[in-house]
Amino acid sequence: MVAHRGTPSVESIRNFCIIAHIDHGKSTLADRLIQSCGAVEDREFRDQILDSMDIERERGITIKSNTVTLLYEAQDGNRYTLNLIDTPGHVDFSHEVRRSLMSCEGALLLVDASQGVEAQTVANLYLALEYDLELVPVINKIDLPSADIERAREEISEDLGLDPYEAVLCSAKQGIGIEDVLEAVVHKLPPPIGDPEAKLQALIFDAQYDPYRGVVMICRVKDGRLRPGQRIRLMHSDKEFEVEEVGQLQLRRVETDELSAGSVGYVIAGIKTVRDIAIGDTITEARSPAEEPLPGYKEAKPVVFSSIYPMSTDDYEDLTTALDKLALNDAALTYEKDSSVALGFGFRCGFLGLLHLDVVQERLKREYGLSLILSAPSVRYEITLQSGEQIAVDNPTLYPDPSQIQSATEPYIKASIMMPERYIGVVMELCREKRGLNTTFNYLSVGRVELTSELPLAEVLFDFYDKLKTVTQGYGSFDYEMLDYRPTDLVKVDILVNGEPVDALSQLVHRDMSRARAVRYCERLEETIPRQQFKIAIQGAIGGQIIARSTINAYRKDVTAKCYGGDITRKRKLLEKQREGKKRMKVVGAVEIPQAAFMAVLTSDSQK
Amino acid sequence: MSEFDGPGLYIHVPFCTHICPYCDFSVLTGDRSWQTRYLRHLLLEIELLTDSGWPEQVREPPSEAFDTIYFGGGTPSMLQPGHLESILEAVRAKMHVRKDAWLFLEANPEDVTLKAATTWRQMGFRTISLGVQSFAEDNLAFLGRQHSPRAARRGLDNALAAGFDTVAMDLIYGIPDQSPRAWQNDLDEALAAGPHHLSCYQLTVHPRTPFGFRQLRGELMEMDNDDQAELFMLTHRHLAVGGMPGYEISNFAAGPQHRSLHNQKYWSHSPYLGLGPSAHSFAGGRRWWNPRKIKAWMAPLDAGRPPLDSAEELGLESLVLESLMLGLRTYAGVDFDNLPGGLGPTLWRDNRATIDELVKRGLATVDRSRLRPTLGGLAIADTVARSLDLGCLRKEPP
């Protein structure tokens, strides 16, 4: 590959992203673009090359955005530097999507030829329009027998308001039309506008962590130049660093002399952890700073909270280390020490959403080999005390005495659900069950409906996805945005085992849902706590009031009246195994509660 | 019984005319030619023993003579008397066997004709154990047994008439939907038949048996724990009243002289040697066992090697755990002073609170250094064995 140390002219740069509904083939198209520009040798190639995490590959989703610079020789004979800024494909990460979009001038809007326009396509389109991006529709998967190009064109025109005959046809999987896509990028998307001689302004839109070099900031230079040796200042955090290295991301980092206006690339500046920087911050020169930072800085606030405990208390140290390491390249993850009587020491963690929680949990399991128990996810409630003081509570154990509470509010989201029209009835019913307000729907095209509903986030956290998937037989897609905080009638439901509260199972719930929730927890525990030498009472309570109960009778027999002959080894091994299992059980009020019971209560049906 | 505290010999005879759907022992049907091959290989296995009468791997073979020989299965009564004779001859030729060794034979009730019983008696068998399982037609059908209640009674009569020292019988209970009433009737029928020893085993569904598959398909449910407990208590109480007090979880005898000398060796870590497929052996802190499948057992013998499947060296903790686990299944309980390793007093002290709790809840009594389970304690013997802390047996790393 030609080393490309110089700075390309602004006119030859195109910064673009691909926006698509999940599963419409974004990663595959990215793969093909990368391949056809020769950024990667065929033998190094693996599918979904930008999705570097195993979880991303497996689930076919992009969580962490990745950026790649492609060097493309167009049909007009000119060489172009195409910066493909990959965007995460999930609502939890919409802040990342926004920052990625801010770094682009244009976007390829991918539509599946057989699926047509989907919820996210529309949501992302609006986002893209907000950032004034030039859009080129791309109809993908035209090779599929079920492809209906005309219908896709119709939807592009009607649902998205774009010129359907601008659409480029391709099949990323079969490698059809890739050249056309690249030509469209060059000719239909505008070059960046920027002045290399103006004061430095560069937007940090992503960061990676390199164990040898520290934080690698990915940024888009708006004006000015970034060079090694330069003293830079991060405008929001007001920290200063010295640039060690800049370059392009051609899958591997390729060092260059500078990054100038319009360019996208990386900056290494001896920064130890991603916590020292903020994504969305603006880099400027310390000596002659820009007047103002670029727009786009918005703190990524966690909205979902859960406590993570190691299965075995011996693993606490390992969990600490693992979280510290994860946090190095996941700036959105927050965590602080937490402890539970039942589960021991752990961490209270904040996440951007349920998927983020899932991803963190999966990474802790896979990359660090930890076995974990997670408490039921909670939202952050705003509580006004009788004293007039306002507090935020995201952990049931910190819930104040109800007599001290004047009022409480909870976060609402605006849910947007797209589905074939035959599911309207069941989905509206689901929204009603979940305390949804102002549920409305409109037809996107014949047979396809978009339903919107204002839902309490807390209800969405509790088996909403699962139920939606079930009632729509997998055809419903879900997207949401945070709305506002609204008054709520909140109660704390405790679960008691033989009269002792199991703190890890306490939860904050709307009063209307409290009984159903308590009953469900009691039932799950009844199913999973093995019978013991004495009777076990399981109760759900609000304060002193019992709202649900179940009982596990004592067993009276625990011995196998069987002939083992001389095969005592088998019998002993069984007993040893049980003894081992007993050690891992948590004891609450003299009752041995197996991990499985916590898992059964805290895991949703679909994950089981 | 102090006069029978030598090693025991077990010989596994893996044949059955029919395989019961609950059985997970090493058994096969198969024609007569199998029996000849089995016999040839069993004699080879005996031949491979060293002059001490133990396999080569036993470094310090027990010096005492074998004083019990137990033919189990399978269905040892299917073997022709001539075959049994050759086995006994080979055993006596190769191993130190006490002249008055107690010989046990498991038998299918239908095989116990007066003629056969007399022949076995003359060969020196002193205990015959009949696999009756039940006196109720429907239970026998459920259990896949081929004999009728009448055949079972006839077999018992013949065994008693032949003059065995102990006539024993196996029963199975805890059959789905079995009522206490029905089980009590079964027990009464058994008592009326006049055996000296009863083994009452609770139906256990094992994976990879026909019952196991039926359970997986949801067609068979093991009896509810409370109902099992009720039948368990009923068994022990009813048989005690009927003159057959229990001495172990599943075993009942009309008098101490009828208790199973051979099985007691298993429970007390006496050395034992097992021959035949799947047979287990124990000596010098080591347990080893033969391959389960008859072909896997025969193949090494054909090559002139002993048919070893696996072996384990029992550490002190395992030995003590086994002693507790097995002792707590017996009416006699566990004498901590006699536990292996001599750490009984420390164990007792470490578990003082647990022992006090067991006594307080009426699950055990204490007699000096002996912990003796009550009937309620026997019913949860596994829990008791699990709840004892054996920490002091673990060697601290230096």
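Keep in mind the model is a prediction, meaning the values are calculated, not measured.

Let's shift gears to the overall build of chain A. In terms of regular secondary structure, chain A is built from 14 helices and 33 strands. Expressed as a percentage of the 608 residues in chain A, the buried residues total 59%. For chain A, the share of sequence-separated contacts (at least 6 apart) that also reach a separation of at least 24 residues comes to 69%. When the accessible surface of chain A is summed, it comes to about 25300 Å², and 47% of that surface belongs to carbon and sulfur atoms.

We now examine the interface of chain B and chain A. In this assembly, 45 residues from chain B lie in contact with 28 residues from chain A. Overall, the association of chain B and chain A removes approximately 3400 Å² of surface from exposure, summing both partners, and the carbon and sulfur fraction of that is 51%. Of all residues in chain B, M325(B), D382(B) and R386(B) give up the largest surface area on contact with chain A, accounting jointly for 18% of the area buried on that side. The salt bridge partner of D24(B) is R570(A), with a shortest N-O separation of 3.4 Å. For the pair chain B and chain A, the interface holds 22 residue pairs in polar contact (both at pLDDT 80 or more). Looking at the side of chain B that touches chain A residue by residue, the class counts come to 22 nonpolar, ten polar and 13 charged.

Attention shifts here to the environment of I271(A). Residue and element names in this part refer to chain A. Position of I271 relative to the elements: it lies in the loop between β15 (264–268) and β16 (282–285). Residue class for I271 comes out buried when judged on its relative accessible area of 1%. In this structure I271 touches G214, V215, M217, F241, D276 and I277, once residues within four positions along its chain are discounted.

Moving on, we get to the sheet that holds strand β12 (residues 245–250) of chain A. Residue and element names in this part refer to chain A. The antiparallel open sheet is built from eight strands, whose spatial order is β11-β10-β16-β7-β8-β15-β12-β13. Each having just a single partner strand, β11 (239–242) and β13 (252–256) make up the two edges of the open sheet. Adjacent strand axes in the sheet meet at a mean angle of 40°, parallel and antiparallel pairs treated alike. Examined bridge by bridge, strand β7 (residues 201–210) and β16 share two bridges and lie antiparallel to one another. Bridging from a neighbouring strand, L203 pairs with T282 of β16.

A few words now on the nonpolar core. I11(B), F71(B), W120(B), F125(B) and L171(B) are the most contacted members of the largest nonpolar core, which has 76 residues in total. Two domains share this core, each providing at least three of its residues, namely domain 1 (8–266) and domain 2 (316–394) of chain B. Setting aside anything within four residues of it in sequence, one finds F125(B) in contact with F71(B), L84(B), L88(B), L103(B), F104(B), L105(B), W120(B) and F164(B). Formed by 49 residues, the second largest nonpolar core is a distinct cluster that contains A322(A), I405(A), A408(A) and V427(A).

So, on to the sheet that holds strand β3 (residues 79–85) of chain A. Hydrogen bonding along the main chain pairs the strands of a sheet, whether they run parallel or antiparallel. All names here are of chain A. Here six strands make up an open sheet; going across it, the order is β2-β3-β1-β4-β5-β6 and the pairing mixed. The sheet is open, and its two borders are formed by β2 (67–73) and β6 (168–169), each paired with just one other strand. Direction of pairing for strand β1 (residues 13–20) relative to β3: parallel, over a ladder of four bridges. Within β3, the residue paired with R14 across the bridge is L82. Where helix α1 (residues 26–36) meets the sheet, its contacts fall on β1, β2, β3 and β4 (106–112), and the angle it forms with β1 comes to roughly 150°. This element, helix α5 (residues 149–158), spans β4, β5 (134–140) and β6 of the sheet and lies at about 160° to β5.

Before going further, it helps to spend a moment on the side chain of T209(B). Looking at where T209(B) falls in the secondary structure, it is placed in the loop between β6 (197–202) and α7 (210–216). The class of T209(B) is buried, set by a relative accessible area of 2%.

Residues and elements named next belong to chain A. A cluster of acidic residues, D132, E134, D163 and E166, forms a negative patch on the protein surface. Mapped onto the secondary structure, D163 falls in the loop between α5 and β6. For D163, a relative accessible area of 42% gives the class partly exposed.

Attention now goes to the environment of A101(B). Residues and elements named next belong to chain B. Looking at the secondary structure, you find A101 in strand β3 (residues 97–107). Using a relative accessible area of 5% as the deciding quantity, one classes A101 as buried. Residues A101 and G6, spaced 95 residues apart in sequence, show a C-alpha to C-alpha distance of 9.8 Å. Sequence-distant contacts of A101, that is, excluding residues within four places in its chain, are made with F66, D67, T68 and R126.

Residue and element names in this part refer to chain B. As a packed pair, helix α6 (residues 180–193) and helix α8 (residues 225–241) sit with axes 10 Å apart at the nearest point and diverge in direction by 30°. Put simply, α6 runs roughly parallel to α8. Seen from above, α6 lies across α8 with right-handed handedness. Residue-level inspection shows P180, W183, Q184, L187, D188 and L191 of α6 in contact with α8, the latter providing E230, L231, L234, T235, H238 and L239.

Below, the discussion takes up the packing of aromatic side chains. Both the distance between ring centres and the angle between the ring planes are used here to describe each pair of aromatic rings. On inspection of all chains with the given rule, the structure shows 18 aromatic pairs over all chains. A centroid spacing of 5.8 Å and a plane angle of 70° characterise the contact between Y335(A) and F347(A), whose relative ring orientation is edge-to-face. Of this pair, Y335(A) sits in strand β18 (residues 334–340) while F347(A) is found in strand β19 (residues 344–351), placing the two residues twelve residues apart along the sequence. Classification of F347(A) by relative accessible area gives buried; the value is 3%. Consider the rings of Y70(B) and F104(B), whose centres lie 5.2 Å apart with planes at 25°: the pair is stacked.

This part is about unusual backbone geometry. A cis geometry characterises the amide bond from G73(B) onward to G74(B), with omega recorded as 15°. Position of G74(B) relative to the elements: it lies in the loop between β2 (66–73) and α2 (81–94). In the Ramachandran plot, D132(A) falls in the positive-phi region, its phi being about 60° despite a non-glycine side chain. By the secondary structure assignment, D132(A) is in the loop between α4 (119–130) and β5. By relative accessible area, D132(A) is classed as exposed at 67%. One non-glycine residue, R368(B), adopts positive backbone phi at about 55°. By the secondary structure assignment, R368(B) is in the loop between β14 (364–367) and β15 (370–373).

A few words on the pattern of salt bridges. All names here are of chain A. For the structure shown, the criterion picks out 57 salt bridges over all chains. Across the pair E459 and R517 runs a salt bridge, and its minimum N-O distance is 3.7 Å. With E459 in helix α10 (residues 457–461) and R517 in helix α12 (residues 511–528), this pair connects stretches of sequence that are 58 residues apart. The pair formed by E459 and R517 is uniform in burial state, with each residue classed as buried.

Here is what the cut-offs are and how they apply
Residues numbered from 1 in each chain as written. Chains lettered and ligands numbered in written order. Predicted model: local features only at pLDDT ≥ 70, side-chain atom pairs only at ≥ 80, totals over all residues. Heavy atoms only, no water. Helix = DSSP H or I, 4+ residues; strand = E, 2+ residues; numbered from the N terminus. Buried < 20%, exposed > 50% of the residue type's maximum accessible area, 1.4 Å probe, protein only. Contact = heavy atoms within 4.5 Å. Areas by Shrake-Rupley, 256 points an atom, 1.4 Å probe, with all protein chains shown as cover. Buried area = accessible area lost by both parts, 1.4 Å probe. Salt bridge = Lys/Arg side-chain N within 4 Å of Asp/Glu carboxyl O. Polar contact = N/O pair within 3.5 Å; in protein donor to acceptor, adjacent residues only side chain to side chain. Nonpolar A, V, L, I, M, F, W, Y, C, P; charged D, E, K, R; others polar. Pairing = 2+ DSSP bridges. Axes fitted to C-alpha atoms, helices over the stretch in contact; angles between N-to-C directions. Core = buried A, V, L, I, M, F, W, Y, C linked by side-chain atoms within 4.5 Å. Domains from an automatic or database assignment. Patch = residues over 30% accessible without salt bridge, like charges linked within 9 Å, V, L, I, M, F, W, Y side chains within 5 Å. Lys, Arg positive; Asp, Glu negative; His and termini not counted. Charge placed at Lys NZ, Arg CZ, Asp CG, Glu CD. Parallel < 35°, antiparallel > 145°, perpendicular 65-115°, else oblique. Left-handed = near helix turned anticlockwise from the far one by under 90°. Phe/Tyr/Trp six-rings, centres within 6.5 Å; stacked < 30°, edge-to-face > 60°.

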